[in-house]
Each structure stands twice: as C-alpha cells, then as structure tokens.
Amino acid sequence: MTDQPVHIRPEIAVLPAYKQGRQAAPDAYKLSSNENPFPPLPGVVEAVQAHTAYNRYPDASALAVRAVLAERFGTTVDEVHVAPGSVAILHELAKATCAPGDEVVYAWRSFEAYPGVVTVAGATSVQVPNRADGGHDLDAMADAVGERTRMVIVCSPNNPTGAVVTGAEFAAFMARVPATVLVVLDEAYAEFVTDPDAVRGPALLERYPNLVVLRTFSKAYGLAGLRVGYALGPAYVLDAVRACAIPLSVTAQGQAAALASLEHEAELLDRVAQLAERRDRIRAGLLEQGWSVPEAQGNFVWLPTGEDTAVAAEAFERAGIIVRAFAPEGIRISIGEHEAVDMLLETARSLVGGRTSAAPTVPLR
C-alpha cells in the first residue's frame, strides 16, 4: 500500500454532492422535493408487481416506452430517449457535447443540479442571473453565448422560482442562438403549466434542429421513486446521448410503470388540475399576506426570504412543514396534501407579522 492518495480531479474534489430535499417525520408534511402527493395512477402498482424477474435485464432501449411517446408527440422512436430521470439525460447531453474548456450557459438560480452536471462533464458554467420576477433573462443568456458555448439550458417553469418562458420569448431567443449550439428546454413541470402563453417544447422540434426537450414521469405522473425521464430531439443528438448513457439503467419496473401511467390521461389531468388549483390558492394567500411571490407554474411556490431563509425554514419545520431552503435567497415549497395548506399559510403569515408591504424587510428572528 502507498500513502499517496488516489488522484481526484480538483474541480470534483470541491464539488458539493447533490442534496436531496429533507425527509419528514411521520407527523410532518414533506414539501421539500416537489413530489406528487397522490398515489400512483390506476394500474401502475399492478404493472410493477407483474415484473418480478429480477434476475433478468430490462430492455436496454426502453423501446416500448419510446414507441408510445413517439406516437404521442409525433416523432420517430429514434427521436425519443428514456433514462433514469431527466437529470440523467442532462448529464448525458453535457458529456456528449462538451469537452474541457467548453461552456454551458444557464440561468441562476435554477435547478441545483445544473452546476454539477457541467462540472462533471469537464465544462465551465456560465450563470446568468434571473430577472427580478424570477424568470429567465433570455436576452442576457443569448449575450452570454460565445465561441466555446456548446449547450444552453432553459428551464420552464424555472425550478425553484416557478416562472415560465413564453413562446414569444423563446422564439426570440432561438433566433439569436447559433444552430451549432444545443439548446435544452427542461420541462420537468410542463404538465402543471396553466399559462397559455408558456412555451411548449415538443411542438417546436421541427422548427429548431438544435433543440432537445426534457420531460419526466417523476412529477405529474408520481413516479419519482422509479426514476423514468425522457428526451425528445434530433435522432443524431440522442444517438450520441445513448452512447454516453449507462447501459440498462431504466428498470423493467420503471418502464412498466411509465407505460401504465400513460394509459390514464384523464386521471392524470384531474390530479394535475387539483394541484394547480391548490398552488394558485396558496400563492394568492401568500400575496395577500404581503409576500412577493413570483408567478408559480410548477408544483411549488417560491418565497424570497433572503438572508432570513434559514430562520424561515426552521419556523416551517417547527410547524410540521419541511421546505427546501436555498440560503441566502429563498425557500421553495412544494404543493402537497390539501391538509397542509392552512398550516403553510398560517406559518407564512407569522413570519411577516401580517405586514402588507411587498416582502418582509425586517429580520424574522
């Protein structure tokens, strides 16, 4: 044995691991991970339980799931890729497009996995601050695209602030991005969007040959524990992604659950509508209390608690609500069980003391 440690890439050695939303005690509400509070859709549990051949490998290409998605979105199966969550596809896209010294442009704050995805690929992050309303500053993002830019990530609705990119904004942005730069439209929360002006990625694939759209079964479909996400885009791009993917990474149980979920569109839309209505009710209540809450189009709301983020998160936890704190910027609160709504609003009201200004400006301690 030698005392010389194994060499670790310096940028990886200092890279913080992805932190999952905190787990909740049995008597608390876990509103920290944007999970769907509803149980699996009808037939999903039965479909998963039917796949008990754990000694056999799953279909490596998830062909059955890709075929259904291709029919749904009007693409070929080669223009669909399935992976263990959309974040896995982000890793694969970054590895397929980037080399050391290349750049990836994305808004910040946005999905907390983006910096790690870029660093692991050996590329450099170019973070562009969001607008004051929590939305992407697409003009500034287009300005940030340079000779070394290989990929741009657009998150709509933006996690964690909740604001969408409109179709008009996205069209203007794409007109400025070179065709050689891959644009990834991350639509993990697309099913919850009620804004008619919001961008819808699948309809734009024929127009933009450098566009890949990400979706997932983790949120609206409630399959977070089975890890199934998918991408829609040009076949040659997704072929490169498949070459970078870990083989056999989507389980047979996950594929069966995805197929069963796709068969129950009516039930899905009903659940999504309930969560969207609950989201809008919570946001309206927070606005009435004096909070400055960005437009919410995902299954979560954003509280800009600033330097008092940690104190506010502790107050919610004492009340039995586990939230996701992003100090020193704000708190993301997932839309969970309807029983949690009053508790959530009561706690939020206590933090601002009934003030009616745009946002709390005094310490919450």
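Since the model is a prediction, treat every value here as computed from it, not as a measurement.

Peer 1: Could you give an account of the nonpolar core, naming the residues involved and the relevant values?
Peer 2: Soluble globular proteins: nonpolar side chains tend toward being buried together. Grouped together as the largest cluster of nonpolar side chains are 77 residues, with contacts concentrated most on Val154, Phe170, Phe173 and Phe316. At 6 residues, the largest contribution of residues to this core is made by helix α12 (residues 341–352). The residues touching valine 154, leaving out its near neighbours within four places in the chain, are His136, Leu138, Met141, Val165, Phe170, Phe173, Val183, Val184, Leu185 and Asp186. Among the nonpolar cores identified, the runner-up in size contains 27 residues, and Cys98, Val104, Cys155 and Ala231 belong to it.

Peer 1: Pulling in residues and values, what's your account of the sheet that holds strand β3 (residues 103–108)?
Peer 2: Pairing between the strands of a sheet comes from backbone hydrogen bonds, and it takes one of two forms, parallel or antiparallel. On the basis of which strands lie adjacent, the open sheet formed by 7 strands has the order β2-β8-β7-β6-β5-β3-β4 and mixed pairing. Taken across any chain shown, the strands that pair with only one partner, and hence form the sheet edges, are β2 (80–83) and β4 (124–129). Neighbour-to-neighbour, the strand axes of this sheet turn through a mean angle of 20°, independent of strand direction. Relative to strand β5 (residues 149–155), β3 runs parallel, the two being bridged by 4 bridges. Within β5, the position partnered with valine 105 by the bridge is valine 152. The strands touched by helix α8 (residues 235–244) are β2, β6 (182–186), β7 (211–216) and β8 (229–232); relative to β2, the strand with the most contacts, the crossing angle is about 25°.

Peer 1: Requested: an account of the sheet that holds strand β12 (residues 330–334), with residues and values cited.
Peer 2: Sheet architecture is open: 3 strands sit in the order β9-β12-β11, paired in antiparallel fashion. Every other strand in the sheet has two partners, leaving β9 (300–303) and β11 (324–326) as the edge strands with one partner each. Sheet twist, expressed as the mean angle between neighbouring strand axes with direction ignored, is 20°. The pairing of β9 with β12 spans 4 bridges and is classified as antiparallel. Paired with valine 301 across the strands is isoleucine 333, a residue of β12.

Peer 1: Explain the pairing of β2 to me, using residue names and the numbers behind them.
Peer 2: Of the two faces of β2, the one lined by Val80 and Val82 and the one lined by His81 and Ala83 are each fully buried. Of the pairings in the sheet, the one linking β2 to β8 comprises 4 bridges and is antiparallel in character. Residue pairing across strands places valine 80 opposite leucine 232, the latter belonging to β8.

Peer 1: Any chance you could break down α8 for me, citing the residues and the numbers?
Peer 2: Given 3.6 residues per turn, any residue in an α-helix points the same way as the ones three and four places further on. The complete set of buried residues in α8 reads Val237, Leu238 and Val241. One side of α8 holds all its buried residues, which, seen down the axis, span an arc of 90°. Of the exposed residues in α8, those oriented more than 90 degrees away from the buried face are Tyr236 and Ala243.

Peer 1: Could you give an account of the pairing of β7, with specific residues and numbers?
Peer 2: Counting buried positions along β7 gives 6 out of 6 residues, so the element sits mostly inside the fold. Neither face of β7 is exposed, since Leu211, Val213 and Arg215 on one face and Val212, Leu214 and Thr216 on the opposite face are all buried. Summarising the sheet, β6 and β7 pair through 4 bridges and their orientation is parallel. The partner of leucine 185 across the bridge, within β7, is valine 213. In terms of strand pairing, β7 meets β8 through 4 bridges, oriented antiparallel. Among the inter-strand pairings, threonine 216 is bridged to a residue of β8, identified as glycine 229.

Peer 1: Outline α12, supporting the account with residue identities and numerical values.
Peer 2: Its 12 residues give α12 an end-to-end C-alpha distance of 17 Å, which sits within 8% of 16 Å, the value for a rise of 1.5 Å per residue. Those residues of α12 that sit buried are Val341, Leu344, Leu345, Thr347, Ala348, Leu351 and Val352. In an axial view of α12, the angular spread of the buried residues amounts to 160°, which keeps them on one side of the axis. Structural note: α12 exposes Asp342, Glu346 and Ser350 on the side pointing more than 90 degrees away from its buried face.

Rules and cut-offs
- Once a new chain begins, its residue numbering starts again from 1 and follows that chain's sequence as written.
- Owing to the predicted nature of the model, reporting of local features is limited to residues with pLDDT of at least 70; listing and counting of side-chain atom pairs is limited to 80 or more, with chain, interface and lining totals taken over all residues.
- Excluded from the side-chain calculation are hydrogens and water; included are all heavy atoms of the structure.
- Residues belong to a common nonpolar core when they are buried Ala, Val, Leu, Ile, Met, Phe, Trp, Tyr or Cys residues joined through side-chain atoms within 4.5 Å.
- Throughout this description, buried means an accessible area under 20% of the type-specific maximum (1.4 Å probe, protein chains only), exposed means over 50%, and partly exposed covers the range between.
- Helix and strand definitions here come from DSSP, where helices need a minimum of 4 consecutive H or I residues and strands a minimum of 2 consecutive E residues; each element is numbered from the N-terminal end.
- The criterion used for residue contact is that any of the two residues' heavy atoms lie within 4.5 Å.
- At least two bridges found by DSSP between two strands are what make those strands a pair.
- Only the stretch in contact is used when a helix axis is fitted, and all axes are lines through C-alpha atoms; the angle between N-to-C directions ranges over 0 to 180 degrees.
- Here the arc refers to the set of directions running from the helix axis out to each C-beta atom.
- What a helix should span is 1.5 Å times the count of its residues minus one.

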